[in-house]
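Structure assessment
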Amino acid sequence: MNRVEGLDKVTGRATYAYEHTVPGVAYAHAVPSTIARGRIRSIDTAAVLAIPGVLAVLSGDDPPELGEDVDPELRLFQGRTVAYHGQIVAAVVAETLEIARDAAGALRIEYDAEPHDVRLRPDHPGLYRPETVNPGLPTDVEYGDVAAGLASAVVTVDATYTTPVLHNNPIEPHAALAVWEEDGGLTVYDSTQGASADRDAIAAVLRLPPEQVRVVSPHVGGGFGCKGTTRPSAILAALAARAAGRPVKVAVTRQQMFDVTGYRTPTIQRLRLGADAVGRLTAVAHDIVEQTSTVREFAEQTAAGTRVMYATPNLRTTHRLVRLDVPTPSWMRAPGECPGMYALESAMDELAHAAGMDPIELRVVNEPDTEPESGLPFSSRNLIACLREGAHRFGWDPRHRDPGVRRDGRWLVGTGVAASTYPSRRSAAQADAAIDGDGFVVRIAAADIGTGARTALTRIAAQTLGVSPDRVRVEVGDSALPRAPLAGGSMGTASWGSAVVKACEGLLKNGEHGTGDTTEDVEADSKLARHAFGAQFAEVRVDVDTGEVRVSRLLGVFAAGRIVDPVLARSQLIGGMTMGLGMALMEGTVVDERFGDFLTDDLAQYHVAACADVPDVEAVWIDEDDPHLNPMGAKGIGEIGIVGTAAAIANAVFHATGRRVRDLPITPDKLLGRSSDDRA
Amino acid sequence: MVEITLRVNGTEHSVSIDTRVSLLDLLRERLGLTGSKKGCDHGQCGACTVLIDGRRANACLALAVAQDGREITTIEGLADGSDLHPLQAAFIARDAFQCGYCTPGQLCSAAGMLAEGGPSAITGDLAADPPLTREEIRERMSGNLCRCGAYVNIVTAIEDVSG
Amino acid sequence: MKPFEYTRARDAAEAVGAYRPGSMYLGGGTNLVDLMRLGVARPDLLVDVSRLPYDRIEEADGGLRVGAAVRNTDLAVHPVVRARYPMLARSVLSGASGQVRAMATVAGNLLQRTRCPYFQDVSKPCNKREPGSGCPAIDGHHHNLAILGYSEHCVATHPSDLAVALAALDARVLVTGPGGDRAIPMPGLHRLPDDRPDRDTVLEPGDLITTVELPPPPPGVSRYRKVRERASFAFALVSIAAVLDVSDDGTVRDCRLALGGVAHAPWRAYRAEEALRGAPARAEEFARAADAELAQARPLAHNGYKVPLAHNLIVRTLQELL
């Protein structure tokens, strides 16, 4: 079965937020602040209003009345304070896109700049301990005696790893089209990962009852987390449409996306590992420093993976934040696990090397019986099976682990391995199902951001109904549909699928229609540690003269419950691994401390992997029968693909070159030395 | 405002436009052809790729006024009526997309690329026309970014058609 | 983008005649439209020269005449270019993407502007964009900026790959303009920044490139190699155009070396060439020549890696030409 919306996507008929057509539309363009901290002294609105075609200028000079108990990033034009560079401080509404953008650029704003601080550093005096980290996890977890464990170790690793600011950069920039109806209702065509939550947020900001707002988003051009929360673009479209008295479209420019649509916090992670003579971990300490903004707290759960991975009698994981004059970080694919497992799995490789052990065997001897943090049994855990299967498929050779010795002409060749993990959660959802002609229609406010949600839910519904998938039509992407959680946390299929199964079961009983609400089912889920696991294998080639790194092979083996749709699953896993390749080798936004901004804010400067960078990435899975998850027996697969990839590649680079790069990305400059004395 | 005439997917359009309008915005905002996507507006992502006189081009970098008299093919014109272009069929069969936003650009780019021939930056002997290996396809398609990471399937789909 | 007028010229005289202060010539637009959208370029009038009759590649006097409006792709796939100037073909194919190459003209490629992040952001000072406003790159993010020939006013690099190959091939750029016609030998088209970084080239206002003339290909074997942070579709960290001609006795009869990504202009490595002529063609001599050239390098705080990279690239490329 192919993707159900495939035909629409290959013919250009799939309609994304900015592309819905309504008569009389006008265009808004946001004006970003050019200082990182301070106050707006004046805005010369009049000059811009005089430009032919300009309909309105929005700014703090005329603050709209907005809800208070909302994400402060959405409270546009409320005051004169600037909290970060690129914050939206005004907007111009005009007849055409060209006029709006030119006029926005011409708007003169005078600032009183104040000294700013955008530099994350491990000794920052403003470091503090947040009450919890996302999504409500403990900030610190500590048991045993780490110092004693390290002191008793035969081998230790003490290393600091850093990851840069990373930007989601979906290819569809955030966009919104807002239409006010005559009855005071509002329709927003938005690029969102969750129509229900987006509707609620927009309604709260605009102080409207939620039922007066409708969010429509049939197709979303990627998000990877950055469309999981409502963004200022949606609010701006609504405010601009009200000011202009016409429907208004807003597209965030690629450059603006770097500032107002979220990013992954940079991290500074100190890892201390100790092991005894046979490689058993005597202590694990993972201490993390990361940033948030002055606008609101966002605490990435970077140590989350370390709390579930390995058995040790002594564990400490801590998170410390500092509030900088930066935009608020947000979700990016596998928040927490992705940067955290880069550090942990690099450190495990360093430990294996220091102990003279095969890195796979090191992981095997540290396999826990229960979840280390909680002591809870795992619903299923097949990390070792993934490592073994991967080693077999990859041709892993545990005997040749000396770094820097494999050569192929001017290339140094190395291989690396790392483990992956990601939690398998679900949350409450509603769905309904009904007879529709000779077939069935299933309705749920799920989002298909490219994951294949429509297709997976079609399959799940068809299977429950015992009919062929072509007789089932699934409607998603509209807040008018039964309420559903967003596409995030790798929970989509588990959450939505549970409700769809229930609705379809109801239909089978009733004969005409069925509804599903999984609130009680989810509350009744037993207390177990539910996680997907995986193993990533990379082979890299490093040019001895130039430091260029090419990934020649990349294999992921995953244990993620029952795979609902093998084609979609493979695409998702390969996609995550591809993004992980980019993270390892090229991604990172440069922060200019003097201007306090993200300097390299476009796709020529922020490199994501291009087609030429990506080899024939392979993703496979092992059969895993886990009855403790959901009716489908499925664990989420949207995020685990990126977890561990960067470590596998970094470990392979070490194996190829003997050089351990601990600050991502691994660009040529970090591997370069004079090679002329080293001519083969 | 300037008057221009161009043919889009075989249909002639005469429009009066602001000189600042890009071909991409003309297609999307004036002609209702929203299949061509805006991903970066600076020629850095390839989502806007169309064919101008049969050659692939970033429609975001093409001023509409400079395209007077040109023949434009967009994703909406790639199929022959209801018969999909072989690339479109192959992209579906190989699951060569996820979110779909880069897909029209990938398809137009692939169509233009297959018509180009000649060597690429990675071709060994530049004097000869190399076989279109997976490596060659990757190099030639690197102007189309896919953030979902569908490259492996995109290359396979193109190989299906070229091979 | 501010409003502007547009006119399409039918020949060079009409284009030059239409030029007035505040005008810019429009070729493929791949960099100009990009810069206009950023507000870096703010022309009042665009004179479209993309359809001028300079769209042919012709053999002449044992060399080649390449029209300024020839598209990059057409230059790279031309059979004579591929057979006789493969280094040139590869330099073009190494630049940008298939789409951009199909749009961009030869003259536009040469006249593209630096990708220095400060130059491209109108909210920041930049001596190239606003003379006298300062250069934040010198003490800022200059990871991919110059190590050679820069000034206290500007550390930008020129991004063209084609220009590097043309510099090694002793090409000539033919120009017509209000002051008449002239020929500019490469690498002389592009300037070092000194105290006028706003001037990328020696062209005067209204000058229009019409043709690039290539002399017969130099004897020997040649190669273009580009190192970048992504396998494709990225600007060079360092690139090299190299031609090596070795005598029967194993000494270097002649060589040409030009580097990209290291300076405000394509950098012809005359000192290395001088060191190599007559020397034995072997790795130690290549390394010595590279050292001779790079002794002038003055890396900034965060681009020192370019010195060993350029060194290695010179040595490696010459070795591969043996």
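Computed from a prediction, not measured in an experiment: that's the story for all the values here.

Okay, the overall build of chain B next. Looking only at helices and strands, chain B has five helices and five strands in total. Starting at the N terminus, the α and β elements of chain B follow one another as β-β-α-β-β-β-α-α-α-α. Relative to its length of 163 residues, chain B is compact, with a C-alpha radius of gyration of 16 Å against a globular reference of 15 Å. Projecting the C-alpha coordinates of chain B onto the three principal axes gives extents of approximately 50 × 35 × 30 Å. A separation threshold of at least 6 residues defines the contact pool for chain B, and within that pool the share at least 24 residues apart is 58%.

If you tally the helices and strands in chain A, you get 16 helices and 29 strands. In terms of C-alpha radius of gyration, chain A reaches 26 Å, essentially the compact-globule figure of 26 Å for 680 residues. The principal-axis extents of the C-alpha atoms in chain A amount to approximately 75 × 65 × 50 Å. Burial analysis of chain A (680 residues in total) assigns 65% to the buried set.

Residues and elements named next belong to chain B. Domains assigned within chain B are domain 1 (2–77) and domain 2 (86–162). Each of domain 1 and domain 2 has a C-alpha centre, and the two are 22 Å apart. Facing the 16 residues of domain 1 at the interface are 14 residues of domain 2. Those elements that provide at least two residues to the side of domain 1 that touches domain 2 are β3 (49–52) and β4 (55–58). The dominant element in the side of domain 1 that touches domain 2, judged by the number of residues it contributes, is β3, at three residues. A breakdown of the residues in the side of domain 1 that touches domain 2 according to their chemical character gives six nonpolar, seven polar and three charged.

Within a beta sheet, neighbouring strands are joined by backbone hydrogen bonds and run either parallel or antiparallel to one another. All names here are of chain A. Strand order across the open sheet formed by four strands is β23-β22-β21-β24, with mixed pairing between neighbours. Each having just a single partner strand, β23 (472–475) and β24 (513–517) make up the two edges of the open sheet. Ignoring strand direction, the axes of neighbouring strands in this sheet form an average angle of 15°. The sheet contact formed by strand β21 (residues 430–436) and strand β22 (residues 439–443) spans five bridges and is antiparallel. For A433, the partnering residue across the bridge sits in β22 and is V442.

What follows concerns helix α9 (residues 337–355) of chain A. Residue and element names in this part refer to chain A. With 19 residues, α9 extends 25 Å from end C-alpha to end C-alpha; this agrees with the ideal 27 Å at 1.5 Å per step. Most of α9 is tucked away: 18 of the 19 residues are buried. Looking at the residues trailing α9, positive phi occurs at G356, about 70°.

What follows concerns the interface of chain A and chain B. Each side of the interface is counted separately: chain A has 47 residues, and chain B has 49 residues. Looking at the side of chain A that touches chain B, the elements that each hand over two or more residues are α1 (6–11), α3 (97–106) and α15 (566–585) of chain A. Take the side of chain A that touches chain B: its biggest share by element is six residues, from α15 of chain A. Residues belonging to the side of chain A that touches chain B are distributed by class as follows: 22 nonpolar, 17 polar and eight charged.

The next thing to look at is the interface of chain C and chain A. Between chain C and chain A, the residue contacts involve 28 residues of the former and 31 residues of the latter. At seven residues, helix α11 (residues 306–320) of chain C tops the list of elements feeding residues into the side of chain C that touches chain A. Residues of the side of chain C that touches chain A, tallied by class, amount to 15 nonpolar, seven polar and six charged.

Let us look at the pairing of β3 of chain B. Residue and element names in this part refer to chain B. Side chains T49 and L51 project from β3 onto one buried face, and the interleaved V50 and I52 project onto a second face that is buried too. As paired elements, β3 and β4 share four bridges and run antiparallel to each other. If you follow I52 over to β4, its bridge partner there is R55. Count of turn residues in the β3/β4 antiparallel hairpin: two residues, of which D53 carries a positive phi of about 50°. As judged from the two bridges shared by β3 and strand β5 (residues 71–73), these two strands associate in the antiparallel manner.

This part is about unusual backbone geometry. The residue after L664 of chain A, namely P665 of chain A, is reached through a cis peptide bond having omega -5°. With respect to the helices and strands, P665 of chain A occurs in the segment after α16 (645–657). Following M186 of chain C, the chain continues into P187 of chain C via a peptide bond in cis, with omega recorded as 10°. Examined against the element boundaries, P187 of chain C turns out to sit in the loop between β7 (180–185) and β8 (208–214). Of note in the backbone geometry, F77 of chain A takes a positive phi value of approximately 60° without being a glycine.

What follows is about the sheet that holds strand β2 (residues 38–43) of chain A. The strand order across the open sheet built from three strands is β4-β2-β6 (chain A), with neighbouring strands paired in antiparallel fashion. One side of each edge strand has no neighbouring strand; the edge strands of this open sheet are β4 (81–82) and β6 (109–113) of chain A.

Now for the packing of helix α12 (residues 453–465) of chain A against helix α13 (residues 492–510) of chain A. Residue and element names in this part refer to chain A. α13 packs onto α12 with a crossing angle of 35° between their chain directions and a minimal axis gap of 9 Å. As for how α12 packs across α13, the hand of that crossing is right-handed. Judged by residue contacts, A453, A456, L457, I460, A461, T464 and L465 of α12 engage G492, T493, W496, G497, V500, V501, C504, E505 and L508 from α13. When its residues are assigned to classes, the contact of α12 with α13 shows eleven nonpolar, four polar and one charged.

Here the focus is the pairing of β22 of chain A. All names here are of chain A. Between the antiparallel neighbours β21 and β22 lie two residues, among them G437 with a positive phi of about 65°. Summarising the sheet, β22 and β23 pair through four bridges and their orientation is parallel. Residue pairing across strands places V441 opposite R473, the latter belonging to β23. You can see the chain leave β22, run along α12 and come back into β23, and the turn it takes is right-handed.

Let us now look at helix α6 (residues 232–244) of chain A. Residue and element names in this part refer to chain A. Taking 1.5 Å of rise per residue, 13 residues should cover 18 Å, and α6 covers 18 Å from first to last C-alpha, within 8% of that figure. Across the 13 residues of α6, eleven count as buried, placing the element largely inside the fold. When we look at burial in α6, the residues that qualify are P232, S233, A234, I235, L236, A237, A238, L239, A240, A241 and A244. Remark: G245 follows α6 within two positions and exhibits a positive phi of approximately 70°.

Turning our attention to the domain arrangement of chain A. Examined at the domain level, chain A breaks down into domain 1 (6–35 + 37–115 + 169–260), domain 2 (132–166 + 264–424 + 530–678) and domain 3 (430–525). When the residues that make up the side of domain 2 of chain A that touches domain 3 of chain A are grouped by side-chain class, the tally is ten nonpolar, five polar and two charged.

Let us look at the confidence of the model for chain B. Of the residues in chain B, 100% have a pLDDT of 70 or more, and the chain-wide mean is 97. For this predicted complex, the interface score ipTM comes out at 0.98, while the overall pTM is 0.98.

Below, the discussion takes up the environment of K124 of chain C. Among the structural elements, K124 of chain C can be located in the loop between α7 (106–111) and α8 (162–168). Remark: the alpha-carbon pair of K124 of chain C and A168 of chain C, spanning 44 residues in sequence, is separated by 35 Å.

This part is about the packing of α15 of chain A against α16 of chain A. All names here are of chain A. Two elements in contact, α15 and α16, have axes separated by 8 Å at closest approach and are oriented at 50°. Considering their axes alone, α15 and α16 lie oblique with respect to each other. Crossing angle aside, the handedness with which α15 passes α16 is right-handed. Counted together, M577, G580, L581, M583, A584 and L585 of α15 and T645, A646, I649 and A650 of α16 form the full contact between these two elements. Considered class by class, the residues forming the contact of α15 with α16 number eight nonpolar, two polar and no charged.

Residue and element names in this part refer to chain B. You can see R70 is positioned in the loop between β4 and β5. The class for R70 is partly exposed, based on 18 C-beta atoms found within 10 Å. Other than its neighbours up to four places away in sequence, R70 contacts L6, I52 and D53.

This paragraph deals with the environment of V442 of chain A. Residues and elements named next belong to chain A. By the secondary structure assignment, V442 is in strand β22. Sequence separation between V442 and L457 is 15 residues; the distance between their C-alpha atoms is 8.7 Å. When sequence neighbours within four positions are dropped, the list of residues in contact with V442 reads A431, A433, L457, A461, V472, V474, V500, A503 and C504.

What counts, and at which threshold
- Counting restarts for each chain: residues are numbered from 1 in the order of the written sequence.
- Going through the entries in the order they are written, you letter the chains from A and number the ligands from 1.
- Confidence filtering applies because this is a predicted model: local features only for residues at pLDDT of at least 70, side-chain atom pairs given and counted only at 80 or more, and all residues used for totals across whole chains, interfaces and linings.
- Numbered from the N terminus, helices here are DSSP runs of H or I no shorter than four residues, and strands are runs of E no shorter than two.
- Atoms counted for the radius of gyration: C-alpha only. Globule rule: 2.2 Å times residue count to the power 0.38.
- Any residue pair is listed as a contact if its two C-beta atoms, each placed from the backbone, are within 7 Å.
- Here exposure depends only on C-beta density: within 10 Å of a residue's C-beta, 20 or more other C-beta atoms make it buried, 12 or fewer make it exposed, and intermediate numbers make it partly exposed, the C-beta atoms being placed from the backbone.
- Reported domain spans reflect what an automatic or database domain assignment gives.
- Under the scheme applied here, ten amino acids are nonpolar (Ala, Val, Leu, Ile, Met, Phe, Trp, Tyr, Cys and Pro), four are charged (Asp, Glu, Lys and Arg), and all others, including Gly, are polar.
- Two strands pair under a simple rule: DSSP has to find at least two bridges between them.
- Each axis is a line fitted through C-alpha atoms, taken for helices only over the stretch in contact, and angles between the N-to-C directions span 0 to 180 degrees.
- Given a helix with a known number of residues, its expected span is that number minus one, times 1.5 Å.
- If you view the pair so one helix is near and one far, a crossing is left-handed when the near helix is turned anticlockwise from the far one by less than a right angle, and right-handed when it is turned clockwise.
- For the handedness criterion, the strands are oriented away from the viewer, and a crossover whose path from the first strand over the helix to the second runs clockwise is classed as right-handed.
- A residue's pLDDT is the predictor's confidence in that residue, given on a scale from 0 to 100.
- These descriptions rest on fixed angle ranges, namely under 35 degrees for roughly parallel, over 145 for roughly antiparallel, 65 to 115 for roughly perpendicular, and the rest for oblique.

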